[in-house]
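# Structural overview for review
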Amino acid sequence: MKIYQYLLAPALLVVISSAAFASSPRSQIVDFYRQQAGEDFSAERGKQLFSTRHDGGKPETPSCTTCHTSSPKNTGKTRVGKPIAPMAVSRNADRYTDLKKVEKWFRRNCRSVLGRECSPREKGDFLTFMINQ
Amino acid sequence: MKKLLLAAAIIALTPLPAMADRTSYKPSNNPTFKKECGACHMAFQPGFLPANSWELIMDDLGNHFGEDASLDDETTSLIKQYLVKKAARRVSGEPPLRITRLRWFVREHNHEVSSRAKKKAGTMSNCTSCHRGAERGYFDDD
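The text that follows walks through the structure, step by step, so that each part is easy to find. Positions within a chain are numbered from 1, following the residues in the order the chain's sequence is written. Both sets of labels track the order of writing: A upward for chains, 1 upward for ligands. Reporting of local features is limited, given that this is a predicted model, to residues whose pLDDT is at least 70; pairs of side-chain atoms are given and counted only at 80 or more, and all residues count toward the totals for whole chains, interfaces and linings. Note that the side-chain values use all heavy atoms of the structure and ignore hydrogens as well as water.

Moving on, we come to the packing of helix H2 (residues 25–37) of chain A against helix H6 (residues 120–132) of chain A. Residues and elements named next belong to chain A. Note on geometry: axes are lines fitted to C-alpha atoms, helical ones only across the stretch in contact, with angles between N-to-C directions running from 0 to 180 degrees. Secondary structure elements follow DSSP: runs of H or I no shorter than four residues count as helices, runs of E no shorter than two count as strands, and numbering proceeds from the N terminus. Two elements in contact, H2 and H6, have axes separated by 8 Å at closest approach and are oriented at 150°. With respect to H6, the axis of H2 lies roughly antiparallel. Handedness of the crossing formed by H2 with H6: left-handed. Here Arg26, Ile29, Val30, Tyr33, Gln36 and Ala37 of H2 come into contact with H6, specifically with Pro120, Arg121, Lys123, Gly124, Leu127 and Ile131. Here the residues of the contact of H2 with H6 sort into 7 nonpolar, 2 polar and 3 charged. Reported orientations rely on four angle classes, namely roughly parallel under 35 degrees, roughly antiparallel over 145, roughly perpendicular from 65 to 115, and oblique for the rest. Whether a crossing is left-handed or right-handed is set by the direction in which the near helix is turned from the far one by less than a right angle, anticlockwise for left-handed and clockwise for right-handed. Contacts are assigned to residue pairs that have any heavy atoms within 4.5 Å of one another. As a working rule, the residues Ala, Val, Leu, Ile, Met, Phe, Trp, Tyr, Cys and Pro are called nonpolar, Asp, Glu, Lys and Arg charged, and the rest polar, with Gly in that last group.

Right, here's the structure in full:
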């Protein structure tokens, strides 16, 4: 009997923790984009997307960094002056846990900054960069 | 005791003198409006603009003063309905789009805002930078 108990506890732990990992809303969002993109994401490409000055968007917002500052760990500022919570997951655990919200801000900000919608790969790269930050 | 606390709370929360003042506006109490519009800027009091101004603004959120602020259709129409209902009376002719260009706004701010205060605020749309009670409808603390 005892031996089963010893085996059962770690086994349960593995099952529970992997279930928790798989169902994390953030990884579900990344998986959602991965399925659409059909390829792996790169934090380095996400960093590029974040830091680059883009053409094609609205002149007021040429880059993500216009509002979010050069580091995702910083508190940003909207053009009107309202603070924006840091983008980096290490500084803001609430980030990227609500797909509807994530989609809303990608739609708006990609159009503002790039003048077009972002592709699933760009979204996945961006999130991967922010999750690693 | 409970009644006493309630009475104290009511007195504390009633902005009696301010309501009579021409520079106070009823604060917005619509949670969707506050959440969505308040994400980027103060949820401006609907009474600041005429109903037909809000209609124009809400019909063009994709080009919102230099940014895409689009929302899904349901949320957009919900906020639009709320704003139009609480707005100032419709105006004839071209409705104003910027609160900061309204005649009374310009008159109130023209001479008394220091350049330091302007720099701190960043833009004239950043009410709360100087008016700390702006979101609750107080603008007399300048």
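Following the structure, the description resumes.
Backbone phi values are negative for most residues with the exception of glycine, while trans is the configuration of most peptide bonds. Despite not being glycine, Thr69 of chain A shows a phi value in the positive range, around 65°. Along the chain, the position of Thr69 of chain A falls in the loop between helix H4 (65–68) and strand S1 (76–77).

Residues and elements named next belong to chain A. Disulfides are defined as pairs of cysteine sulfur atoms found within 2.5 Å of each other. Under the counting rule described, the total for this entry stands at 1 disulfide over all chains. One disulfide in the model links Cys110 with Cys118; its S-S distance is 2.0 Å. Its S-S torsion of approximately -100° makes the covalent link between Cys110 and Cys118 left-handed. Using a 1.4 Å probe on the protein chains alone, a residue whose accessible area is under 20% of its type maximum counts as buried, one over 50% counts as exposed, and one in between counts as partly exposed. Judged by relative accessible area, Cys110 falls into the buried class, the value being 7%. Look at Cys118 and you get buried, because its relative accessible area is 9%.

Time to look at the nonpolar core. Among buried residues, the Ala, Val, Leu, Ile, Met, Phe, Trp, Tyr and Cys ones that are joined through side-chain atoms within 4.5 Å form a nonpolar core. One finds Phe33, Ile79, Leu83 and Ile99 of chain B to be the most contacted residues of the largest nonpolar core, which totals 24 residues. Among the elements of the structure, helix H3 (31–37), helix H4 (51–58) and helix H5 (73–86) of chain B are those that each provide at least two residues to this core. Among the elements that line this core, the one with the most residues is H4 of chain B, at 4 residues. Once you skip the residues sitting within four places of it in the chain, Phe33 of chain B turns out to touch Ser28, Gly38, Ala43, Phe44, Ile79, Tyr82 and Leu83 of chain B. Formed by 19 residues, the second largest nonpolar core is a distinct cluster that contains Ile29, Phe41, Cys110 and Cys118 of chain A.

It is worth spelling out the interface of chain A and chain B at this point. The interface of chain A with chain B comprises 14 residues on the first partner and 21 residues on the second. Both faces considered, chain A and chain B share a buried interface measuring about 1,500 Å² in area, 41% of it formed by carbon and sulfur atoms. If you sort the residues of chain A by the area they bury against chain B, Val80, Lys82 and Arg108 of chain A come out on top, with a joint share of 38%. Salt bridge, as used here, is a side-chain nitrogen of Lys or Arg placed within 4 Å of a carboxyl oxygen of Asp or Glu. The tally of links from chain A across to chain B stands at 4 salt bridges. Here Lys104 of chain A makes a salt bridge to Glu36 of chain B, at a shortest N to O gap of 2.5 Å. Identification of polar contacts relies on pairs of N or O atoms within 3.5 Å, with a donor-acceptor requirement for protein atoms, meaning one able to donate a hydrogen and the other able to accept it, and with residues adjacent in sequence counted only if both atoms are side-chain atoms. At the junction of chain A and chain B, the tally comes to 13 residue pairs in polar contact (both at pLDDT 80 or more). Of the residues belonging to the side of chain A that touches chain B, the class tally is 2 nonpolar, 4 polar and 8 charged. Buried area counts how much accessible surface, traced with a 1.4 Å probe, disappears from two parts once they are put together, with both parts' losses summed.

What follows covers the packing of H4 of chain B against H5 of chain B. The geometry of a pair of packed helices is captured by two quantities: the angle between their axes and the separation between those axes. Residue and element names in this part refer to chain B. Packing of H4 against H5 brings their axes to within 9 Å, and their N-to-C directions diverge by 165°. With respect to H5, the element H4 is oriented roughly antiparallel. Seen along the crossing, H4 lies across H5 with a hand that is right-handed. Here Ala51, Trp54, Glu55 and Met58 of H4 lie close against H5, whose contacting residues are Thr76, Ile79, Lys80, Leu83 and Val84. Across the contact of H4 with H5, the residue classes tally to 6 nonpolar, 1 polar and 2 charged.

A separate point is the side chain of His109 of chain B. As for its placement among the helices and strands, His109 of chain B is situated in helix H6 (residues 103–110). Every residue in contact with His109 of chain B, bar those within four places of it in the chain, is listed here: Met124 and His131 of chain B.

This part takes up the packing of aromatic side chains. Between rings of Phe, Tyr and Trp, where Trp is taken as its six-membered ring, a pair exists when centres lie within 6.5 Å; planes separated by under 30 degrees are stacked, by over 60 edge-to-face, and by other angles tilted. Considering all chains together, one arrives at 9 aromatic pairs over all chains under this definition. Judged by centre distance (5.7 Å) and plane angle (75°), the ring pair of Phe106 of chain A and Phe126 of chain A falls under edge-to-face. Taken together, the positions of Phe106 of chain A in helix H5 (residues 99–114) and Phe126 of chain A in helix H6 put the pair 20 residues apart, joining distant regions of the chain. A single burial state applies to Phe106 of chain A and to Phe126 of chain A, both of which are buried. Judged by centre distance (5.4 Å) and plane angle (45°), the rings of Phe33 of chain B and Tyr82 of chain B are tilted. You can see Phe33 of chain B sitting in helix H3 and its partner Tyr82 of chain B sitting in helix H5, a full 49 residues away along the chain.

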